[in-house]
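Coordinate analysis (summary)
Spelled out from the first residue to the last, the chains are:
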Amino acid sequence: MIRLQSLEPLIGNTPLIHLNSESMNLFTKLEYQNLTGSVKARPAYYVLKKAIERGDIHSHTTVIESSSGNFALALATFCNYLGLRFIPVIDPNINPIYEANLRLLTSCVEKVTERDVTQGYLLSRLDRVSHLRNTLKHCFWTNQYANPDCVASHYYGLGEEIANAFTQLDYAFIGVGSGGTIAGTSKKLKEKFKNIKIIAIDTEGSVIFGGCPQKRYIPGIGSSIVPANLSEALIDEILMISERDAVRGCEELLNKHSIFAGGSTGSVYSAITGYFTRNVPKNDPNVVFICADSGMPYLQTVYNTEWQDNLRTAVKS
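Analysis parameters
Residues numbered from 1 in each chain as written. Predicted model: local features only at pLDDT ≥ 70, side-chain atom pairs only at ≥ 80, totals over all residues. Heavy atoms only, no water. Helix = DSSP H or I, 4+ residues; strand = E, 2+ residues; numbered from the N terminus. Buried < 20%, exposed > 50% of the residue type's maximum accessible area, 1.4 Å probe, protein only. Contact = heavy atoms within 4.5 Å. Pairing = 2+ DSSP bridges. Axes fitted to C-alpha atoms, helices over the stretch in contact; angles between N-to-C directions. UniProt positions renumbered as here; feature names shortened; annotations may be inferred.

1. A few points about the environment of L75
Of note, L75 is situated in helix α3 (residues 70–82). Since its relative accessible area comes to 0%, L75 is described here as buried. Along the sequence, L75 and T142 sit 67 residues apart, while their C-alpha atoms lie 9.2 Å from each other. Once you skip the residues sitting within four places of it in the chain, L75 turns out to touch A44, L48, E65, F86 and T142.

In structure tokens:
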């Protein structure tokens, strides 16, 4: 436990920066400054910490998780540091750089390759997790979709940091995947800012908010299930963003603000610009969004023109 706590100074207290915008006071929290490069370092650390404290994880435990990339990478890094065995369950949508990192950090990577009934891979990954849990002794599933420790990590971490940075906050735009980030952050922000609007961002093809399942290609946002942690979220509005708009959002963030962000952040930024184009504010509101990870792992996908062309073709078909 002491060894894990030595990593704590490298997680959280990420920069909050003010972006140039004519219609609002726009801020973003640079979560790629966390150890392992994403917002997922927060719940990965907190889940492991609490599980070790409860005795759910000990030196002979195998940790298991289904992940599209960032959560698995954080868990792999921390488990490797602790000398714990970790098995990530991934799929073809994972960024190639993340997959390579996982294979360096772990002795076993389970990769599902067949799409499930929703045209995604999540249900297939969860089936593989279930199989591993039934066949391995002394295993622990971190279960980012339903583990209340994921929600708590953001309530006491990200949400508290944002709340403490403002005396007035009008809007928070938050992407939704496994549900923990928006659940914990929204609860904390609503406690301090009674009139804040929490805007949830989902991607077309996701079923989280009742949409029709479709093939999705950008990891980190959207889901083939309704995550249990979402029930804790305090949401005022929901915006659905196409993956093509996510790409445009990434490009605009880079060209206009010099922020090199991942695909989910592009979705959120695209949602913000669209929202305030349709709803021109009377006064300059304070608006915050989360830069969940950097664009580096997306160089071969979101920032690659050939991949973008393939995405356009796939969407048309």
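Having seen the structure, we can now continue with the description.
2. Observations concerning the sheet that holds strand β4 (residues 85–90)
Here four strands make up an open sheet; going across it, the order is β5-β4-β3-β6 and the pairing parallel. Looking along the sheet, the strands with just one partner apiece sit at the ends: β5 (110–111) and β6 (139–141). Pairing analysis gives two bridges linking β4 to β5, with the strands arranged parallel. Counterpart to I90 in the pairing with β5 is K111. Against the sheet, α3 touches β3 (62–66) and β4, its axis set at about 170° to β4.

3. A few points about the UniProt feature "domain: Tryptophan synthase beta chain-like PALP" (unreviewed entry) in the protein chain
UniProt records the feature "domain: Tryptophan synthase beta chain-like PALP" (unreviewed entry) for residues 8–291 in the present numbering. As annotated, residues 8–291 has a helix share of 39% and a strand share of 17%, and its two end C-alpha atoms lie 20 Å apart.

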